[in-house]
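Chain and residue survey
Read off the chains here:
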Amino acid sequence: RYLLKIAASIIALLTLSVCALYISGVFSSNSNQVAWTERKTISGEKSIINFADGTKIILNGNSNLKYSVNALNNTREVFLEGEAFFEVKHDTTRQFIVHSKNLTTTDLGTEFDISAYSNEKEITVSLVSGKINIAENENEKISKSTILQPKQQLVYSTTKKTYNLRDFDMVEIIGWKDNVLKFKDATLKDVFIKLERAYGIKFQLQTKSFEGFLITANFDKAPVETVTKLIKKLTGLDYTNIKENDQIKKIVFFKK
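Throughout what follows, the structure given in this document is the object of discussion. Owing to the predicted nature of the structure, the values given are computational and were not obtained by experimental measurement.

Conventions and cut-offs
- Residues numbered from 1 in each chain as written.
- Predicted model: local features only at pLDDT ≥ 70, side-chain atom pairs only at ≥ 80, totals over all residues.
- Heavy atoms only, no water.
- Helix = DSSP H or I, 4+ residues; strand = E, 2+ residues; numbered from the N terminus.
- Contact = heavy atoms within 4.5 Å.
- Axes fitted to C-alpha atoms, helices over the stretch in contact; angles between N-to-C directions.
- Parallel < 35°, antiparallel > 145°, perpendicular 65-115°, else oblique.
- Nonpolar A, V, L, I, M, F, W, Y, C, P; charged D, E, K, R; others polar.
- Expected span 1.5 Å × (residues − 1).
- Buried < 20%, exposed > 50% of the residue type's maximum accessible area, 1.4 Å probe, protein only.
- Arc of directions from axis to C-beta.
- Phe/Tyr/Trp six-rings, centres within 6.5 Å; stacked < 30°, edge-to-face > 60°.

**As for the environment of Asn-218**
Relative to the assigned elements, Asn-218 resides in strand β14 (residues 214-220). The spatial distance from the C-alpha of Asn-218 to the C-alpha of Val-171 is 9.5 Å, given a sequence separation of 47 residues. What Asn-218 contacts, discounting residues up to four positions off in sequence, is Val-180, Leu-181 and Lys-182.

In structure tokens:
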């Protein structure tokens, strides 16, 4: 009887311990958990992410993509800060959803570009082919939504909470993924932001009055020296290269 009492006490203790571990989540099923990973890029860097379902994402410089490394049951979701080009393999049983700041973009079988940098006041979603649905998030609820057609671009103001639709130049918007930079009446300030992102070199403008100077140019896989010489010719500004270990780290433009 004494041994039976000891055995019963041990079994009761083990049962309580196992219950406590289940409650704490130690024995929760891994199949229901989503494993996330992140891919980050710095200035001058691009990264390609290929998914098992055939989807391909090209991540631009200074960007961050959080995505699931496990196949989800009903949806495929990613979280973007920065810019990326998506070639989504359409799956009628599982939607592909991109969360980018104030917007949620749902794939309906398509190729599209999203630019949603944290330090910029606009989010742009540009549809190359197929169809996507874009929803505005407010207090975790969808307040507005619209469907884009090919060659349409949605420009959303994060400050005014408004958006408009317009056509876009394909090379100007998605040329970056092929190392092609096209500018049409772009301010020098915006040009420098994109050049820094593409080349990984800091572009600094000492003469602030030139920030709004409009630039029209097309750089097709051009070395940075070609870019700086053309900007000098277009603006009349001079520049100096600042190097570290024989590599250009910063280019400073100034009025002669």
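**Some points on the packing of helix α3 (residues 188-199) against helix α4 (residues 224-235)**
Packed helices, taken two at a time, are described by the angle between their axes plus the distance between the axes. Two elements in contact, α3 and α4, have axes whose closest approach is 12 Å; the angle formed by their N-to-C orientations is 170 degrees. Relative to α4, α3 is oriented roughly antiparallel. When α3 is examined against α4, the residues Leu-188, Phe-192, Leu-195 and Tyr-199 are found in contact with a partner set consisting of Val-224, Val-227, Ile-231 and Thr-235. Per-class residue counts for the contact of α3 with α4 are seven nonpolar, one polar and no charged.

**A word on α4**
Taking 1.5 Å per residue, 12 residues should reach 16 Å; α4 reaches 16 Å between its end C-alpha atoms and fits that length. Among the residues making up α4, those that are buried are Val-224, Val-227, Thr-228, Ile-231 and Thr-235. The arc that holds every buried residue of α4, seen down its axis, measures 95 degrees, which confines them to one face. Facing away from the buried side of α4 by over 90 degrees, the exposed positions are Lys-229 and Lys-233. Buried positions along α4 lie against α3, β13 (202-205), β14, β15 (238-244) and β16 (247-254).

**Side note on the packing of aromatic side chains**
Tallied over the entire structure, the rule returns 10 aromatic pairs. A ring pair is formed by Phe-183 and Phe-219, whose centres lie 6.3 Å apart and whose planes are at 65 degrees; its orientation type is edge-to-face. Remark: Phe-219 occurs in strand β14 and Phe-183 occurs in strand β12 (residues 180-187); sequence separation between them is 36 residues. This pair shows no difference in class: Phe-183 is buried, exactly as Phe-219 is. Judged by centre distance (5.2 Å) and plane angle (35 degrees), the rings of Phe-192 and Phe-253 are tilted. With Phe-192 in helix α3 and Phe-253 in strand β16, this residue pair connects regions lying 61 residues apart in the sequence.

Keep in mind these numbers describe shape, not what the thing actually does.
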